[in-house]
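Structure at a glance
Spelled out from the first residue to the last, the chains are:
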Amino acid sequence: MSQQGERNSGRRGQGDDWWGQLYDDSTDDTGPAPAPDSLDDRFASASGTVSAAGPERGDEQVPVAERAPVPEQVPERDPVPEQVTGRAPVPEQRMVPPPTPPPTQSPPPPAPARPVDPPPDPGAPRAPWEPPAHAPGRPQSFPPGPPPPGHRPPPPPPTAAPDVRAPDADAPASDTAPDACPGQDAPVTEEPAARPEPSFIPYVGDGPPTYDAEPTALPAADPDTLDDLVADTVLDGARYGTSTLRAVSVRGDSARYRGEPRRDCLLTARFGTGSGALILVAMATGARGAPGAHRAAAEACDWIGRAVGRSHARLAEDIRAAHRGDLKSGLHRLTDRSLGKLRASAAEQGLEPEEYTASLRCLLLPADPGCRTRVFFGVGGGGLFRLRDGEWQDIEPQVSEVSGAPVVGYGSPPPETPDGDRLTMDLGITTPPSPYEPAPEQPRDPFRFRASVARPGDTLLLCTAGLAEPLRGEPELSGHLTRRWDGSGPPGLAAFLADTQVRVKGYADDRTAAAVWEA
């Protein structure tokens, strides 16, 4: 009988020789494997592979809860990939009874890690259906290695603190937050803390002022005289010795609304170096309604600054030596000279002296830490205040006005003639002015001077009439500045600007102020 199951008829044709030559037992396989590779060998290898993988898959599909899973035994022969060319019989799955619930006392032990298949031996013969050694195999799981030195585990996520507050007896039991789910605690809502009272207030008094708090219109500009433009606000500060200086000049609400330039001018300058330096703070206010009021104020500050700068060494020496008489006469002369140049400038422009004039107020501060003498001088209205022990003191020098009849012996006529005749009474008949005599000049503002010794904790405030008048007329403004400046040290530049900008209804002029805090 032939290998195909046919009976041997004794006749062998040419067609039967190719089968014997191809499938004869003596003929070696043409493949690269030296081992015999017949159909029976392939079937035996496939059956062993499927039978070895069957229990593993069955165990994964149906877990057994009565006992801990036993790690599978890895066969000794080479691993076989899961995908096999050709159809293989699917292993029969075992029927496992439903697991019984585990005891509540102790949880079931964790399942052991699945053993890792050993890597294939590169020297062993490879079956035709096995992937080559360089081809990627199936994913493998490796146990975690030891942590590197210095490694710290990540911190656990923060958990919300439990609400330990006692429930409200009056609240209903079903009153929960809308976001809370059944079985979850309602989120705790913290009450916001009370906000502190703001240090900046827009105004004091009966009601808000008429004008807006912020600038509305800019002053008109001339392209040929752009140097004439004046900024809306000027802010400056310094610290020398035991004193801290803050200075500001702000355009008033009325000028901001009407688009007029700031009539106040501020000058802060230091002359000299070291302990012999002298700090000058000068502020001037132009005449109200005059077209060039801001130029007159700037020119007045410029002239007094030049005069003090040229004589700063002598002035600083007189302040340290407390030569009050020399200081008053010298500063009076410098002030008259500066205002005289201002009147001469008005004549050059063809203006009347009262149209091109300005009030001038100055403060001299020595940089020597051992000298606490503060000197004020000037001409015109304004204010000089001192905050001491929580109270404001108005220390503006008062100029007494002459009233009544002259005192005998000091310019008054004698009551009778040398011959004994008594003088007749004056009927009050005025003599007409002579056309050959010039008209009398308008009385000028008197010169003001004050030298005071500061104490630690004092605050000295020099200002123009735009701030002096509301300070004297509105007690709430002085009370607000007392709370802000008393015992709290010098404020910053922005805070000082906010303090001096607190508005009062009925006062809308420019404000210029210089404050000195004593350490």
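Residues numbered from 1 in each chain as written. Predicted model: local features only at pLDDT ≥ 70, side-chain atom pairs only at ≥ 80, totals over all residues. Heavy atoms only, no water.

**Things to note about the sheet that holds strand β2 (residues 233-240)**
Heads up, the rule is: When DSSP finds two or more bridges between a pair of strands, those strands are recorded as paired. Helical segments are the DSSP runs of H or I of at least four residues, strand segments are the runs of E of at least two, and each set is numbered from the N terminus. Lines are fitted to the C-alpha atoms to define the axes, a helix being fitted only along its stretch in contact, and any angle between axes, read from their N-to-C directions, falls within 0 to 180 degrees. Two residues form a contact once any of their heavy atoms are found within 4.5 Å.
Across the sheet, which stays open at both edges, the 6 strands sit in the order β2-β3-β13-β11-β8-β9 with antiparallel pairing between neighbours. Of all the strands in the sheet, just β2 and β9 (391-394) have a single pairing partner and so form its edges. The sheet shows a mean angle of 15° between the axes of neighbouring strands, direction not considered. Sitting on the sheet, helix α7 (residues 465-473) touches β8 (383-388), β9, β11 (459-463) and β13 (511-518), and the angle it makes with β8 is about 55°. Taken strand by strand, helix α8 (residues 475-485) contacts β8, β9, β11 and β13, and its axis lies near 120° from that of β9.

**So, a positive patch on the surface**
What counts here: Only residues above 30% relative accessible area that lack a salt bridge enter a patch, with like-charged residues linked at up to 9 Å and the nonpolar side chains Val, Leu, Ile, Met, Phe, Trp and Tyr linked at up to 5 Å. All accessible areas in this document rest on Shrake-Rupley with a 1.4 Å probe, and a residue is counted as covered only by the protein chains that are shown. Whenever a carboxyl oxygen of Asp or Glu lies within 4 Å of a side-chain nitrogen of Lys or Arg, that contact is scored as a salt bridge. Charge counting treats Lys and Arg as positive and Asp and Glu as negative, with His and both chain ends excluded. Taken as the charge location is NZ of Lys, CZ of Arg, CG of Asp or CD of Glu. Only protein chains enter the accessibility calculation, which uses a 1.4 Å probe; a residue is then buried when its area is under 20% of its type maximum, exposed when over 50%, and partly exposed in between.
Together, Arg310, Arg333, Arg337 and Lys341 make up a positively charged patch on the protein surface. Ranked by residues supplied to the positive patch, first place goes to helix α6 (residues 324-348) with 3 residues. Within the secondary structure layout, Lys341 lies in helix α6. Here Lys341 falls in the partly exposed class, since its relative accessible area comes to 33%.

**Concerning the pairing of strand β4 (residues 264-271)**
Note: β4 against strand β5 (residues 278-286), 8 bridges, orientation antiparallel. Its bridge partner being in β5, Ala269 is matched across the sheet by Leu280. Linking two consecutive strands that pair antiparallel, namely β4 and β5, is a turn of 6 residues; a positive phi of about 90° is found at Gly272 within it.

**A look at the nonpolar core**
For the record, the criterion: Side-chain atoms within 4.5 Å link the members of a nonpolar core, which is a set of buried Ala, Val, Leu, Ile, Met, Phe, Trp, Tyr and Cys residues.
Ile304, Val308, Leu331, Leu364 and Phe377 are the most contacted members of the largest nonpolar core, which has 33 residues in total. Contributing elements (two or more residues each) for this core: β4, β5, α4 (293-310), α5 (312-320), α6, β6 (358-366), β7 (373-379) and β10 (447-453). In terms of residue count, α4 provides more of this core than any other element does, 7 residues in total. Leaving out residues up to four positions away in the same chain, Val308 has contacts with Phe271, Leu278, Leu280, Leu315, Leu364 and Phe377. Counting 20 residues, the second-largest nonpolar core is a separate cluster that includes Ala468, Leu471, Ala513 and Trp517.

**Structural notes on unusual backbone geometry**
One non-glycine residue, Ala322, adopts positive backbone phi at about 60°. Here Ala322 shows up in the loop between α5 and α6. The backbone phi angle of Asp389 is positive, close to 55°, even though this residue is not glycine. Inspection of the secondary structure assignment puts Asp389 in the loop between β8 and β9.

**Concerning the packing of aromatic side chains**
What counts here: Aromatic pairing here means that ring centres of Phe, Tyr or Trp (its six-membered ring) are within 6.5 Å. Orientation follows from the plane angle: under 30 degrees is stacked, over 60 is edge-to-face, and everything else is tilted. Should the NZ of a Lys or the CZ of an Arg lie within 6 Å of a ring centre and within 35 degrees of the ring normal, that charge is described as sitting over the ring.
For the structure on display, the rule yields 5 aromatic pairs. When the ring of Tyr211 is compared with that of Tyr257, the centres are 5.5 Å apart and the planes differ by 50°; the resulting orientation is tilted. Taken together, the residues span a long stretch of sequence, with Tyr211 in the loop between β1 (203-204) and β2 and Tyr257 in helix α3 (residues 253-258) at a distance of 46 residues. A centroid spacing of 5.7 Å and a plane angle of 25° characterise the contact between Trp485 and Phe496, whose relative ring orientation is stacked. Within this pair, whereas Trp485 is found in helix α8, its partner Phe496 is found in helix α9 (residues 493-500), the two being separated by 11 residues in sequence. Judged by its relative accessible area of 2%, Trp485 falls in the buried class. These aromatic residues form a ring-pair network of at least three members: Trp392, Trp485, Phe496 and Trp517. Between the NZ or CZ atom of Arg306 and the centre of the ring of Trp303, over which it lies, the distance is 5.4 Å.

**As for the environment of Val281**
With respect to the secondary-structure elements, Val281 resides in strand β5. Between the C-alpha atom of Val281 and that of Arg361, which follows or precedes it by 80 residues, the distance is 8.4 Å. Beyond its immediate sequence surroundings of up to four residues, Val281 is in contact with Leu245, Leu266, Leu267, Thr268, Arg361, Cys362, Leu363 and Ala514.

**Structural notes on the environment of Lys341**
For the pair Lys341 and Trp303, spaced 38 residues apart in sequence, the C-alpha separation works out to 7.8 Å. With residues near it in sequence (within four places) discarded, Lys341 still touches Glu299 and Trp303.

**Re the confidence of the model for the protein chain**
Keep this limit in mind: A score from 0 to 100, pLDDT tells how confident the predictor is in each residue.
With 55% of its residues at a pLDDT of 70 or more, the protein chain has an overall mean of 75. Counted against residues more than four places away or in other chains, residues 135-142, with its pLDDT under 50, gives 5 contacts. In the predicted structure, residues 401-412 sits below a pLDDT of 50 and forms 2 contacts with residues beyond four places in sequence or in another chain.

**Quick notes on the side chain of Thr242**
Its place among the elements puts Thr242 in the loop between β2 and β3 (243-250). Residue Thr242 is classed as buried on the basis of its relative accessible area of 19%. When near neighbours in sequence (up to four residues on either side) are disregarded, Thr242 contacts Pro369, Arg372, Arg374, Trp517, Glu518 and Ala519.

**Remarks on the state of the cysteines**
Just so we agree on the cut-off: Only a pair of cysteine sulfur atoms within 2.5 Å counts as a disulfide in this structure description.
Throughout the structure, instances matching the rule amount to 0 disulfides. Of all cysteine sulfurs, the one in Cys265 lies closest to Cys301, which takes part in no disulfide; the gap is 3.9 Å.

**Structural notes on the pattern of salt bridges**
When the charged atoms of two side chains lie near each other, side chains of opposite charge can form a pair. For the coordinates displayed, the defined rule picks out 14 salt bridges. When the shortest N-O distance is used, the salt bridge between Asp458 and Arg388 registers 2.5 Å. You can see Asp458 sitting in the loop between β10 and β11 and its partner Arg388 sitting in strand β8, a full 70 residues away along the chain. Of the residues examined, Asp458 reaches a relative accessible area of 5% and is grouped as buried. Where salt bridges share partners, they join Asp232, Arg251 and Arg256 into one cluster.

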